[in-house]
Amino acid sequence: MKSVLNNRPALKEDIEKVAEVAGYLWQKGWAERNGGNITVNVTAWIDDELRAQSPISGPRAIGMTLPRLRDCWFFCKGTGRRMRDLARDPMAGGALIRITDDCAHYQIVADRLVTPTSELPSHLAVHDYLLAKGSPYRASLHTHPTELVALTHNKKWLEKDAATRMLWSMIPETKAFCPRGLGIVPYLLPSSLELAEATIRTLDQDYDVVMWEKHGVFAVDTDIVSAFDQVDVLNKAAQIYGAARNMGFEPDGMTDAQLRELSDAFDLPK
Ligand code: 2HA
Ligand code: ZN
């Protein structure tokens, strides 16, 4: 089957990154069944020939109007599709879509008639917000990292920046590679408009990764590998915390002075 990725190395590379990350999510046990979502703004790689190609679906309503997404193009996971399937064949488990000129509909362009994730409106709302802010971030990731989700079952870690402070103090790399920490979104119904709005409000407090209580994380970054890396370092820190607790003690954590020294040495925000 002819793919839009043929002879489009930049687009192909971006979508291969999605497949790579989808494989990691499955291997890490963060993507049971069809859990998680990935949406990447690939507009920069769309050429005139692709623009002229007829879509394979009619316009479908997004459910909201997103003014900055006019004629933006996204690669997104298909509804009900599994990350492990996306890892094997991204163009069979996901779709390339174009937002129509009214900013309220999308059309599937390629390769197959794969209906995008039910979380599409919330992912697109985040991309609209990122563009409005002038952010260079083009990728959004939702996944279920086990230890981070476990933390949110204790109110202590839902206090603003309590989990961030603890996670940063487990191993220096956490603050170095996730310097904005972990925002917290109190429990809301999956796929709901309220969850999308609360996610955007929390990202706007200058977080790249937000935690949905008792559900999973939502992360944004320049590309999907970088978004994954931020979640990976945070979850590693949560694993170290859990390992210490399993050894029968509360870990000491790095001191405030050690964290300050790290921020100064690496010129980190906050
Ligand atoms: O789309 O994880 O929360 C699968 C999910 C929704
Ligand atoms: Zn989920």
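First things first, this report covers the structure right here in the doc. Values in this document were obtained by computation on a predicted structure and should not be read as measured data.

1. Topic: the coordination of the zinc ion (ligand 2)
Looking at the zinc ion (ligand 2), one finds its protein donor set to be His142 (NE2), His144 (NE2) and His215 (NE2), positioned 2.1 Å from the metal centre. Between the donor residues of the zinc ion (ligand 2), the gaps in sequence give the motif H-x1-H-x70-H. Taken together, the residues His144 in the loop between β6 (139-143) and α6 (146-151) and His215 in the loop between β8 (209-212) and β9 (216-221) connect sequence positions 71 residues apart. A single burial state applies to His144 and to His215, both of which are buried.

2. Let's talk about the site of ligand 1
In the vicinity of ligand 1, the residues found are Asn34, Gly35, Gly36, Asn37, Glu119, His142, His144 and His215. Side-chain polar atom of His142 to an oxygen atom of ligand 1: 3.2 Å apart, as the coordinates give it. Taken by itself ligand 1 offers 220 Å² of open surface, and the protein chains cover 84% of this. Class assignment of the residues belonging to the shell around ligand 1 gives a composition of no nonpolar, 7 polar and 1 charged.

3. A few points about the pairing of β8
Residues Val209 and Met211 of β8 are buried on one face, and the alternating residues Val210 and Trp212, pointing to the opposite face, are buried as well. Handedness of the crossover joining strand β7 (residues 182-185) and β8 through helix α9 (residues 193-203) is recorded here as right-handed. Two elements, β8 and β9, share 4 bridges in a ladder whose sense is antiparallel. Among the inter-strand pairings, Met211 is bridged to a residue of β9, identified as Val217.

Each value, and the rule that gives it
- Residues numbered from 1 in each chain as written.
- Chains lettered and ligands numbered in written order.
- Predicted model: local features only at pLDDT ≥ 70, side-chain atom pairs only at ≥ 80, totals over all residues.
- Heavy atoms only, no water.
- Donors = N, O, S within 2.8 Å, 3.2 Å for Na, K, Ca; no water.
- Helix = DSSP H or I, 4+ residues; strand = E, 2+ residues; numbered from the N terminus.
- Buried < 20%, exposed > 50% of the residue type's maximum accessible area, 1.4 Å probe, protein only.
- Near = heavy atom within 4 Å.
- Polar contact = N/O pair within 3.5 Å; in protein donor to acceptor, adjacent residues only side chain to side chain.
- Areas by Shrake-Rupley, 256 points an atom, 1.4 Å probe, with all protein chains shown as cover.
- Nonpolar A, V, L, I, M, F, W, Y, C, P; charged D, E, K, R; others polar.
- Right-handed = clockwise from strand over helix to strand, strands pointing away.
- Pairing = 2+ DSSP bridges.

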